[in-house]
Amino acid sequence: DDSIMTVLNPLSVKGKNSILVKFDDQVLRVTVELKESKVAAEFSSSTLYDVVFPTSLDPFQMIDLVSDERYQLDALALDDINAVITSSTNCRPCVKQLTNYLSNGSSEDDLNVIYIFPENTTLASIDKYVQIVKSNESNIKFLKGDINAFRKRYGLLGLPDGILVDKNGGLVKNHFTLNNKKPI
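A few points on the structure. Only a predicted model underlies this, so the values are computations on that prediction, with no experimental measurement involved. Throughout, residues of each chain are indexed from 1 in the direction in which the sequence is written. Totals for whole chains, interfaces and linings use every residue, but because this is a predicted model, local features are given only for residues with pLDDT of at least 70 and side-chain atom pairs only at 80 or more, for both listing and counting. Side-chain metrics in this entry use all non-hydrogen atoms of the structure; hydrogen atoms and water are not considered.

**Observations concerning the overall build of the protein chain**
Turning to step 1, where the next piece is worked out: Along its length, the protein chain carries 3 helices and 11 strands.
Turning to step 2, where the next piece is worked out: Comment: elements are numbered from the N terminus, with helices defined as DSSP H or I runs of at least four residues and strands as E runs of at least two. Starting at the N terminus, the α and β elements of the protein chain follow one another as β-β-β-β-β-β-β-α-β-α-β-α-β-β.
Turning to step 3, where the next piece is worked out: Relative to its 184 residues, the protein chain shows a buried fraction of 39%. Note on classification: 1.4 Å probe, protein chains only; a residue is buried when its accessible area is under 20% of the maximum for its type, exposed when over 50%, partly exposed between these limits.

**Points about unusual backbone geometry**
Turning to step 1, where the next piece is worked out: Cis rather than trans, the peptide bond between Leu159 and Pro160 has omega equal to -10°.
Turning to step 2, where the next piece is worked out: Topologically, Pro160 is positioned in the loop between α3 (147–154) and β10 (161–166).
Turning to step 3, where the next piece is worked out: Positive phi outside glycine occurs at Asp68, with the angle close to 65°.
Turning to step 4, where the next piece is worked out: Looking at where Asp68 falls in the secondary structure, it is placed in the loop between β5 (61–64) and β6 (70–72).

**Some details on the sheet that holds β6**
Turning to step 1, where the next piece is worked out: Reading across the sheet, the 7 strands line up as β6-β5-β9-β8-β7-β10-β11 and stay open at both edges, with mixed pairing between neighbours. Whereas interior strands pair on both sides, the edge strands pair on one side only; in this sheet they are β6 and β11 (171–174). In this sheet, neighbouring strand axes are inclined to one another by 30° on average, regardless of whether the strands run parallel or antiparallel.
Turning to step 2, where the next piece is worked out: Relative to strand β9 (residues 141–145), β5 runs antiparallel, the two sharing 3 bridges. Paired strands are those between which DSSP finds at least two bridges. Axes, fitted as lines to C-alpha atoms, cover a helix only where it is in contact. Angles between the N-to-C directions of the axes lie from 0 to 180 degrees.

**Some remarks on the environment of Gly145**
Turning to step 1, where the next piece is worked out: Relative to the assigned elements, Gly145 resides in strand β9.
Turning to step 2, where the next piece is worked out: Note on definitions: a residue-residue contact is assigned when non-hydrogen atoms from the two residues lie within 4.5 Å. Those residues within four positions of Gly145 in sequence are excluded, and the remaining contacts are Gln61, Met62, Phe117, Pro118 and Glu119.

**A short note on the packing of helix α1 (residues 92–103) against helix α2 (residues 127–135)**
Helices that pack against each other are described as a pair by the angle of their axes relative to one another and the distance between those axes.
Turning to step 1, where the next piece is worked out: At a minimum axis distance of 10 Å, the contact between α1 and α2 shows a crossing angle of 5°. Comparing their axes, α2 and α1 come out roughly parallel. Contacts between α1 and α2 pair Cys94, Val95, Leu98, Thr99 and Leu102 from the former with Lys128, Tyr129, Ile132 and Val133 from the latter. Working definition: roughly parallel below 35 degrees, roughly antiparallel above 145 degrees, roughly perpendicular at 65 to 115 degrees, and oblique for all remaining angles.

**Some points on α3**
Turning to step 1, where the next piece is worked out: Turning to α3, its buried residues are Ile147, Phe150, Arg151 and Tyr154. Down the axis, α3 shows its buried residues gathered within 95° of arc, on one side only. Facing away from the buried side of α3 by more than 90 degrees, the exposed set consists of Asn148 and Lys152.
Turning to step 2, where the next piece is worked out: Its buried side turned inward, α3 meets β7 (81–86), β8 (111–118), β9, β10 and β11.
Turning to step 3, where the next piece is worked out: Positive backbone phi, at 65°, marks Gly155, one or two positions downstream of α3. Starting at the helix axis, one direction is taken to each C-beta atom, and the arc is that of these directions.

**With respect to the environment of Asp74**
Turning to step 1, where the next piece is worked out: Summarising the element assignment, Asp74 is placed in the loop between β6 and β7.
Turning to step 2, where the next piece is worked out: When the C-alpha atoms of Asp74 and Asn168 are compared, they prove to be 8.7 Å apart, with 94 residues separating the residues in sequence.

**Side note on α2**
Turning to step 1, where the next piece is worked out: Inspection of α2 places Tyr129, Val130, Ile132 and Val133 among the buried residues, and these make up the whole buried set. Down the axis of α2, the buried set is contained in an arc of 160°. They therefore lie on one face. In α2, the exposed positions that point more than 90 degrees away from the buried face belong to Lys134 and Ser135.
Turning to step 2, where the next piece is worked out: On its buried face, α2 is in contact with α1, β8 and β9.
Turning to step 3, where the next piece is worked out: Downstream of α2 by one or two residues, Glu137 has phi in the positive range, about 50°.

Okay, structure coming up:
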């Protein structure tokens, strides 16, 4: 069968190792237990909790670090494909990723790039990012907001990590970075 299974979230249920799996638009709990040198797998579509998977961009409150304008993230004017990348001021891989992306001529791609920083970020603290963008004449937005809530909502793990959304705010892909920019 050519069905696609997506592992969504590892769990620990009653001392057994479980994962949530999305399969044919159903969420199943798969429990794996090692007994007498055999592995037993149990599939269960009944769960005692609600599982909500984001399918679109949520209305996170953001502030533009350059213009100081306030935005609701889902109300931004979006292009066909948009990368929303989480970052921090002292993230060397984030700076390197942006530098490589721009130096490879990627800024001409049909990809609108939005960086999100923690709420306490100042324009002065992201100066290295701003200078990289200015020198490449790129139109990358730098926003700040509740990065932890954003990362939790979309299951983002490290820095840099992000999501791709379409022009309607629909989630195209999560765990996206500018290093793996072949989105579709």
